[in-house]
Amino acid sequence: MSVVDVEIAAPRQALEEHGTPLALAIADALGRMAETDLDPDERAGIAAIEARRAALLEDNSFVAGSETLTVHDATRLASKKVREARLLFRLVRAIKPKVAIELGTNMGISGAYQVLALKLDGDGRLITLEGHPAGRRSPRARSSPTATPSTEPTRRR
Ligand SMILES: C[S@@+](CC[C@H](N)C(=O)[O-])C[C@H]1O[C@@H](n2cnc3c(N)ncnc32)[C@H](O)[C@@H]1O
């Protein structure tokens, strides 16, 4: 049993015992978060998002409205790591919300995972809000399932 399996075993069991459709969907998402056997559309979408993350990590320009915070640092310090983002992705695929609302866009990584999940299930949209006083950091603060997930940061040079 892996470390991930041990960490999720108890909450997963509690959710399964709860037994409501939502609890079972979340339990299923937890069970599948470390899954390596992705379908081709999932694999391609996640690869594109992670390529975008890699590009952001190479970007040392400042985010909009900041003289100190670089795109690199905002991405490295605050974006969901792959494991958490994969759980979020699985949750959205399991629950299939019509509307998902995210507080805290940052560079758009978690938003891109949610939009990918919404797109793969064909219906639903994401509204993601950034409360940083300098304004949103990602230009695509509202996205539809037909939109390409974008994590393009707004730069100040
Ligand atoms: C941990 S980061 C979000 C990371 C992003 N969800 C991801 O995983 O890619 C938190 C973000 O929330 C923003 N924030 C903080 N307080 C907020 C609020 N009250 N409303 C909306 N955004 C807020 C911050 O500016 C920051 O960009």
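Above: the structure in question.
Residues numbered from 1 in each chain as written. Predicted model: local features only at pLDDT ≥ 70, side-chain atom pairs only at ≥ 80, totals over all residues.

Engineer: How do you make sense of the nonpolar core when you look at a structure like this?
Structural biologist: Generally speaking, soluble globular proteins have nonpolar side chains that are buried together. Core analysis: the largest hydrophobic core is formed by 27 residues, its most contacted members being I26, L88, F89, L91, V92, Y113 and L116. Those elements that place two or more of their residues in this core are α2 (21–32), α3 (40–57), α4 (71–78), α5 (82–95) and α6 (109–121). Each of domain 1 (1–34) and domain 2 (39–156) accounts for three or more of the residues forming this core. Those residues in contact with V92 that sit more than four places away from it in its chain are P97, A100, Q114, A117 and L118. (Core = buried A, V, L, I, M, F, W, Y, C linked by C-beta atoms within 7 Å. Buried ≥ 20, exposed ≤ 12 C-beta atoms within 10 Å, placed from the backbone. Helix = DSSP H or I, 4+ residues; strand = E, 2+ residues; numbered from the N terminus. Domains from an automatic or database assignment. Contact = placed C-beta atoms within 7 Å.)

Engineer: For this particular structure, what's the right way to read the environment of E102?
Structural biologist: For E102, the position within the fold is in strand β2 (residues 99–103). The class of E102 is partly exposed, set by 17 C-beta atoms lying within 10 Å. Contact partners of E102, with chain neighbours within four places excluded, come to S110, G111, Q114, L126, T128 and L129.

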